[in-house]
Every structure is written in C-alpha cells, then in structure tokens.
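Geometric and topological summary
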Amino acid sequence: MILGPGIITGSVDNDAGGITTYSVAAAQYGYGLIWTLIPSFVVLVVIQEMNARMGIVTGKGLADLIRENAGIKITFFIFIGLLLSGIGNTTTEFAGVAGSMEVFGVTKYISVPLVAILVWILVVKGTYKIAERIFLVFSVSLLTYVVSAIMGKPDWTEIGSAIIHPQFDVSTKGMAMVIGLVGTTIAPWMQFYMQSSVIEKGLKMKNYKYTLADIIVGCIITVVVAFFIMVACGSTLHPNGIVINEAKDAALSLRPLAGNLASQVFAFGLFIASIFSATILPLATAFFVCEAFGFEAGIDKKWDEAKEFYVLYTGILFVSAVIILIPNAPLIPISLWSQVINGILLPVVLLSMMVLINKNRIMGSHVNKKVTNIIGWSAVIILIGLSATLLILPVLSR
Amino acid sequence: MTSLTTFYLSGIIGKEAFGADGDAIGVIKDLLINAVPSGQNDPNQQMVIGVRLKIKKDTGFYSFKTFRVVKAREMINVACTGLTQLSKEEIDNGLLLVENILDKQIVDLNGRKLVRVNDVRLATLPAGTFAVAVDIGIDGLLRRIGISFPIKRILSLFKISIPTKYILWDDVQAIDFSNLNIKLSKSYAKLQMLHPSDLADILEDLGKKSSTSVFSALDEEKAADVLEELETHAQIHIVESLPVNKVADVFEKMPADEVADILDELEDDKAELLLKEMEAESSQEVRELLEYDDNLVGSIMTTDFLSFSETKTVEEVLRELRTKKPEAAELYNLFVTEKNDRLIGTFNLRDLVVAEPDATLSQIMKSEPVSLFDNQKTTAVAEIVSKYNLLAVPVIDQNEQLQGMVVVDDVVEDLISERKTRKRK
C-alpha cells in the first residue's frame, strides 16, 4: 500500500473540528451548503499542489521558507497564530474524544486523560510511525459516514438540485457558516504539514504525476467524507428541526432518526478522527514553530537536545486536555475563536505561499503557471474577503 | 570616546548614516564582511569591509572604512566621512550579513548542527568593525520583534532571565551564498574539519540547493565518506543533482558495496551512465555486487578485503600492511587463500602481533573458518556474527572461492535502521 502525503493529509483533514462544522451546518441548512465543498475542493487541490511543488523543489519546510524570506515580524505573527490555533484545534479534538466516548457511556474525566496520556506516550516513546499507520487504516472508518448517510434514507434528487442551485444566505449566521466550512476544510496548519511530508518522503519532480494524483485522491477523500457527513445530518436532523452545537449532539440525535447503529458508527468515526488529529496536531504545531524559530525539533531527538520542542508539544497537549476537563468549559467560544484565528491566518499563509512560489530565486523553472496563479490569487482574495467579513460581522451585528 | 563599541546588526539596519555636518547621507541596508579567509586564523575574515547604502532611490556598495559606529547614551549612531564605491570583486568575495546570515541557517561547528540566526553581534575596535558572534537565543528573537525590553521587565519581576545564546564567529559556517559568485570550496573551508557523520546529518537537514553546493565543495575523500553516511533519499538527491563525472570520481573512493546500494535505488539508465564513467576496475566490482538480490548476503558484502597465501611469514604480512595502509574495516578479519582463491583460514591483527616474525600464516591461522555463502539470506548474518563474536565474516561462493566479507558495521547499520525507520517521524 503506497500512502502518499496527499492521502495522509486528506485523512487528517477530517478531524473533530471538521466533523463538527459539517454536522452543524447540515443540521441547520440541510443540503443547502453542500455546494461549498466544490470550490473548497478546487482550492484545496491547488494549494496542496503548490505545497508539494515547493517541498520537492526546495527541500525546505514552509516555515523555513517564510522565516527566510518574509522577515521575522510576519513569521512571528504567523507562528503565534499557528500556536494559538493549534491549541484551539487540539482542544476541539479532545472535545471530539470526550463527546464520542460519552455516546458509548464513558465519562470525559476518564476518556480525555487516558487518550492524552496515550497520545503523549505514543509520540515521545517513539512508536509514532506505527501509530500513524494504524490510524490511517482506522481512518478508513471515516467511510462509515457513508453507511450513516445511507441509513438516513436521503433524497438524492433533492441533494443533486441543492448542489446545482447553490443557495447563499447573506445573514450573519449564514456567512459565518460558509467561512467555517471553508476554513475547516483548508486549515492553515495543513499547508505546513503537507510540505513537510513531501520532503520527508523524498519525492522528486520526475514523479510529479504520481504526487499530483496522490493529492487529488487525498482531496477527494476529504470532500467525499465531508459530503456524506452533511448528507447524514441533512437528511435526518434538518427536516426534524434539530439544532446542534457539537458533533456529539449529531451522533446522539441520529439515534431515534436513523437507528442506534448509525449513531454509534458516527460516534466511532468521530472518535478515531479525533485521536488521529490529537496525535498529529500538537506534534506538527510544535515542530513548525521550532522550525521557524530555529530550535531543534523532531521526535528522533532526545529531550535534552530538543527541549523547546518537547516542552511545546507537551504544553499544547496538556493545556488542550485540561480545558476540556474544566466543568462547563466554554467549548463553543473556544471552537469559534480557533476558527477566527484560522480565518485570519489562512490568507496570510496563502499570501506568503503565493509570493514564495512565484520567486525565481526559490523555485527556478517551477514557478507557478498562469492558471495556478489565477486560481491561487482568486482564492486568496476571496478568503481575505471572507475573513474580513468574519471579523467585521460580529461588530456589525451588535 | 571608548575604544570598544558593541552593537547588534538589528540595531543598525535601517538607520541613517550621518555625515560630519550632521546631514543624513543614506539608509544602511546591509553590511558586507570578508568571507574568503586568506589563512586559517586570518583576523580580517570577520571584518566589516562594506555597507549597502540606500541613497534616495539608489542602493550601492560602499567601503566601510569611512564609516564609524558610535554609541552615545545607549543610542547607536553611524558617522560617515565620505563615500568610496566598492569594486565588483570586493563585493563578490564578501558575505552579506542580512542577505546571507540573518534569519538563515548556519552551521554551528562546535555543536555540529544547523542553527538559525536571530541577530549578529558586532564590535568596533580601533582596527575596524568586526562580526563577533551570531545570536541564536530567544533573547535575540525578542529583540528583533521589538519586545525584548518589556518582556525582560516583566520576567525580572519573577526573577526569570531570558537565556542568551551566542556562537563565536570562528565557530560559524555560513551556508547560503546564493547571490554571490563566490568560490565555494574556499567559503566552505571550515566544514572540512567536521566528522563525515555530522556533515551528513547537516546535509540532510539543508534545503536541496544548499546541500548540493555544500557537497560539491567537499574534497573527494571527504565527499565519499559523507555520501556513504547519508540516508537513501539524500544520497539519491546528491547523485542526481551533480554532474556524472563528479559523482563517478566520488564513487571510486567508496566501498563497492555502498556504491551498489546507491545504484540499486537509481534508474537503470542513470546507473549505467555512472558505471561507464567510473574506472573499469571499480565499476567491475560494483557490477558483480549489483547482480545479487537485495536479501542475499552478496548484496551487503564488501569486496575490500585482504587475503594472503599460507606460506607468507608474519613479518612479510606486516610489511605489506604498512605499505598498503588499508582502511580500519579491512583489518577486522584477514584471510588465507589457496591458489584459486579458495578460503582455507583466517587470522586477525592480534594473531599477527603476538606471533614471532618468522612464523608462517599456516602456523597462526584458524583453519576451517566460519563463513557465509554469497547466495545465503541476509537474515543469517546477525546470528553468525553474534554467535562467533566476529567483526567480519568471510563470504564464499559455491566453489568455496572467497568473494568478500560482511563487516559487522554494515549489519549493525541494518539492524538499527530497521528500528530507526519505525521510530522516525
């Protein structure tokens, strides 16, 4: 089995945050927002292709490139943002762990510390590579959403027409939902992750075709899973007028509507996705921050050699787990704020990428072609527009 | 005026230089230092020789001789008494502190690793201005962002101090010369003294462009040792990005089994091209090894070994070793063969040293030696090495002819790398 960086990245992309956003959006708008997956898919492919190309040509991580070319202040801004959103996102993953286990009747005071310790040991004791493979096999379980969706007996013609006639709700809530959907599909840290994986695999320009295929397959996985989550929730929760705030709610409310099995399948998928991302996210975040600021990093280093790295990694994991364990933790504001940070960060990272990838000095003959530039720049402009709206909306709605 | 003024690069970049009459002359964009040392401990190698100055809309390089950095009441001021343009040659032989050092990765020769530069510390002495050290600590980072002072104030309330980390300029090797037409072998001179394994680790962490240029600056012997130590995909990158004749020269200096391992990973056309470019003798050995399957003993054996006839005396053998000066691994186990290369015994350095000079090999050798067949599975090697406590095991073919030997180093490498691939991120 050949697992390229694209497929791995695509699987990590559907984390607890993603599942939550897709279910909440579908519960509220039914099939109405499924169309957003199509532009998201196009932009996702274009962005990841750029990351892969930069990684292959330069052999340098995105963090390295940004630090060396964008100056220290922008770097500082990006990586403080990345750190905060890393903590926020990891918190969401633990919320996913807590929520999914509660569906099976396990309290979060047991599941969360247990998972946190397990994840920490997995990474620090150096069996990460095996863990990654196990998770990837398990992440096939994300396809169980297809089962969940079909059990909800959706109306396929209605779904089809909803995609062909995209609806756009110009209210504060509707806009925020669209931004949330795009933001969770194209998370900023994924760009760094993608580029590092490409370098680690030692891919080469002459195998570019396979790399591209791998990226497209990865993005299809992401979008297909998202599609079925939205169908599952859109066909059951929406017609019954059930409004949810968490992915756990989706799992619980599926029970009376689509059966106990559908509900448990949904929860199991959420659990696996949450653990998988709770392993990778803190690790990746700590790694990129260290890369940018020049600290030693990597799990093949000893604690003394890479103190900053391990402290950061442990810190992110610890803080995130503790936040979830606080009784009545303000989960919704936390996930909202980490989405806001993502929303501000994404255009900045993309902007840096677009500038870097068009520099001859860095990319040589592999600078962007016209089509990629057009799609890339439009994505940047639209995302900046969306993020600006997201920031202004709360002010306007007061 | 004090004779010593120290300042940071970040404190001077973007500052106006003022003339004697107090007029602003231009904005300092970068400092140029002497990058090509004329000798090992050339004190001038870290002297600031030029400054990139933006005057109105034009930027140019000017000699630093007419510039002086002075500190008055904690404020850095740059005084300038005139402008002399630098020649192209002077610029090409220099290293730009902002362009090539700041925010870039450099090699810390003492720590033998790559670090990122947050700031550069300079000092003005009567003889001139010099780069003294690079700042790689958190302190430098905060200073660059401009929040060092407030954070230090807050932390001092809790009696916490921010650690400062400097590397002296002597222990710094710049990597990124991308914009200069500099002679690389000279500029990377400091790297030659690092151990090949350390150099290999550094090359693996570098970007593709830099790793190629650093590698091509190494002399052939060093390059061969480093290439051997690199991980597979780094090896392939180096081999594919350098000219064929250069790679062939390096290959000739490497043990045949290591070369075969690399060629195995390349495309057939490229491998053939390299084999043709190598000297016939070296390429023949490699070709023979390439015929073995990956999981057979033949694929991991080295063909660099020493064999003698049983009639040789201890003294003759020692003399031969002195003239040949073989690599350490070749001495792990020494072989005695008959006319048609049939293996009949082994002996080691100890046997040789404790024996009388006129004793013959037939008297000191261990006959009926433990050996491996070239078409045996590699899984058998570890067991034999540990069971008989051997540093190197002879490899024979079906006709009992000696083909090579498997060295314990290579087996250990395989065992560890098996574990490592599981461990690495």
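Within any chain, residue numbers begin from 1 and follow the written order of that chain's sequence. Chain A is the first chain written and ligand 1 is the first ligand written, with later ones labelled in order. Per-residue local features are limited, in this predicted model, to residues with pLDDT of at least 70; the limit for side-chain atom pairs, both in listing and counting, is 80 or more; totals at the level of whole chains, interfaces and linings are taken over all residues.

**Observations regarding the overall build of chain A**
Helix and strand content of chain A: 18 helices and zero strands. The C-alpha atoms of chain A give 20 Å as radius of gyration, which agrees with the globular expectation for 398 residues (21 Å, within 12%). With the principal axes as the frame, chain A shows a C-alpha extent of 60 × 50 × 45 Å. Labels follow a simple rule on C-beta atoms placed from the backbone: if 20 or more others lie within 10 Å of a residue's own, it is buried; if 12 or fewer, it is exposed; otherwise it is partly exposed. In chain A, which comprises 398 residues, the proportion classed as buried is 56%. Any two residues are considered in contact once their C-beta atoms, placed from the backbone, lie within 7 Å. Considering only contacts within chain A whose residues lie at least 6 apart along the sequence, 85% involve residues at least 24 apart. A run of DSSP states H or I qualifies as a helix once it reaches four residues; a run of E qualifies as a strand once it reaches two. Both are numbered from the N-terminal end. To get the radius of gyration, use the C-alpha atoms; to get the globule rule, take the number of residues to the power 0.38 and multiply by 2.2 Å.

**Notes on the packing of helix H3 (residues 37–58) of chain A against helix H16 (residues 331–357) of chain A**
Residues and elements named next belong to chain A. Packing of H3 against H16 leaves a shortest axis separation of 11 Å and a crossing angle of 50 degrees. Classified by the angle between their axes, H3 and H16 sit oblique to one another. Note on packing geometry: the crossing formed by H3 with H16 is left-handed. Here Ile47, Met50 and Met54 of H3 lie close against H16, whose contacting residues are Leu350, Met353, Leu356 and Ile357. Lines fitted to C-alpha atoms define the axes here, with helix axes fitted over just the stretch in contact, and angles between the N-to-C directions of these axes take values from 0 to 180 degrees. When an angle is under 35 degrees it counts as roughly parallel; over 145 it counts as roughly antiparallel; between 65 and 115 it counts as roughly perpendicular; any other value is oblique. Crossing handedness is read from the near helix: turned anticlockwise from the far helix by less than a right angle, it gives a left-handed crossing, and turned clockwise, a right-handed one.

**Overview of the sheet that holds strand S12 (residues 128–135) of chain B**
All names here are of chain B. Across the sheet, which stays open at both edges, the four strands sit in the order S1-S11-S12-S13 with antiparallel pairing between neighbours. Among the strands making up the open sheet, the edge pair consists of strand S1 (5–8) and strand S13 (166–168). With strand direction ignored, the average angle separating the axes of adjacent strands in the sheet is 30 degrees. In this scheme, strands are said to pair when DSSP sees at least two bridges between them. Bridge count for S12 against S13 is three bridges, and the pairing is antiparallel. Residue pairing across strands places alanine 133 opposite leucine 168, the latter belonging to S13.

**Here we look at the domain arrangement of chain B**
Domain assignment breaks chain B into domain 1 (5–172), domain 2 (195–291) and domain 3 (307–417). What counts as a domain boundary in this text is fixed by an automatic or database domain assignment. The C-alpha centroid of domain 2 of chain B is placed 38 Å from the C-alpha centroid of domain 1 of chain B.

**Structural notes on the sheet that holds strand S17 (residues 343–347) of chain B**
Residue and element names in this part refer to chain B. Taking strand neighbours across the sheet as the criterion, the four strands line up as S15-S16-S17-S18 in an open arrangement whose pairing is mixed. Where the open sheet ends on each side, the last strands, each with one partner, are strand S15 (307–308) and strand S18 (366–367). Sheet topology note: the S15/strand S16 (residues 334–337) ladder contains two bridges and is parallel. Along S16, the bridge assignment pairs serine 307 with phenylalanine 335.

**A closer look at the confidence of the model for chain B**
Across chain B, the average pLDDT comes to 85, with 92% of residues at 70 or higher. Across the interfaces of the predicted complex, the ipTM metric reaches 0.78, alongside a pTM of 0.81. pLDDT measures how confident the predictor is about each residue, on a scale from 0 to 100.

**Regarding the nonpolar core**
Grouped together as the largest cluster of nonpolar side chains are 134 residues, with contacts concentrated most on Ile229, Met230, Ala286 and Phe309 of chain A. Looking at which element gives the most residues to this core, the answer is helix H14 (residues 260–293) of chain A, with 22 residues. In contact with isoleucine 229 of chain A, not counting residues within four places along its chain, are Ile19, Tyr22, Ser23 and Tyr145 of chain A. In terms of nonpolar packing, the next biggest core, distinct from the first, is built from 72 residues, Ile28, Tyr62, Leu95 and Leu114 of chain B among them. By definition, a nonpolar core groups buried Ala, Val, Leu, Ile, Met, Phe, Trp, Tyr and Cys residues that are joined through C-beta atoms within 7 Å.

**Notes on the pairing of strand S3 (residues 24–34) of chain B**
All names here are of chain B. Two elements, strand S2 (residues 16–19) and S3, share three bridges in a ladder whose sense is antiparallel. By the bridge assignment for S3, glutamate 16 is matched with valine 27. Connecting the antiparallel pair S2 and S3 is a turn made up of four residues, with glycine 22 showing a positive phi of about 85 degrees. Bridge count for S3 against strand S4 (residues 48–55) is six bridges, and the pairing is antiparallel. Within the sheet, the bridge partner assigned to aspartate 30 lies in S4 and is arginine 52. Across three bridges, the pairing between S3 and strand S8 (residues 94–96) is antiparallel.

**Focus: the environment of valine 103 of chain A**
Residue and element names in this part refer to chain A. Along the chain, the position of valine 103 falls in helix H5 (residues 72–103). Between the alpha carbons of valine 103 and lysine 248 there is a distance of 7.2 Å; along the sequence they are 145 residues apart. Those residues within four positions of valine 103 in sequence are excluded, and the remaining contacts are Lys248, Ala251, Leu252, Ser263, Gln264 and Ala267.

**Notes on H3 of chain A**
All names here are of chain A. Helix length check: H3, at 22 residues, gives a terminal C-alpha distance of 31 Å against a target of 32 Å (1.5 Å per residue), a fit within 8%. Counting buried residues along H3, 18 of its 22 residues qualify, which places the element largely inside the surrounding structure. In the stretch just after H3, glycine 59 is the one whose phi turns positive, near 70 degrees. Here the expected length of a helix is defined as 1.5 Å per residue gap, with one fewer gap than residues.

**So, unusual backbone geometry**
Residue and element names in this part refer to chain B. Its identity is not glycine, yet aspartate 103 carries a phi of approximately 70 degrees, on the positive side. Along the chain, aspartate 103 turns up in the loop between helix H3 (97–101) and strand S9 (105–108). Overall, aspartate 103 belongs to the buried group, with 23 C-beta atoms counted inside 10 Å.

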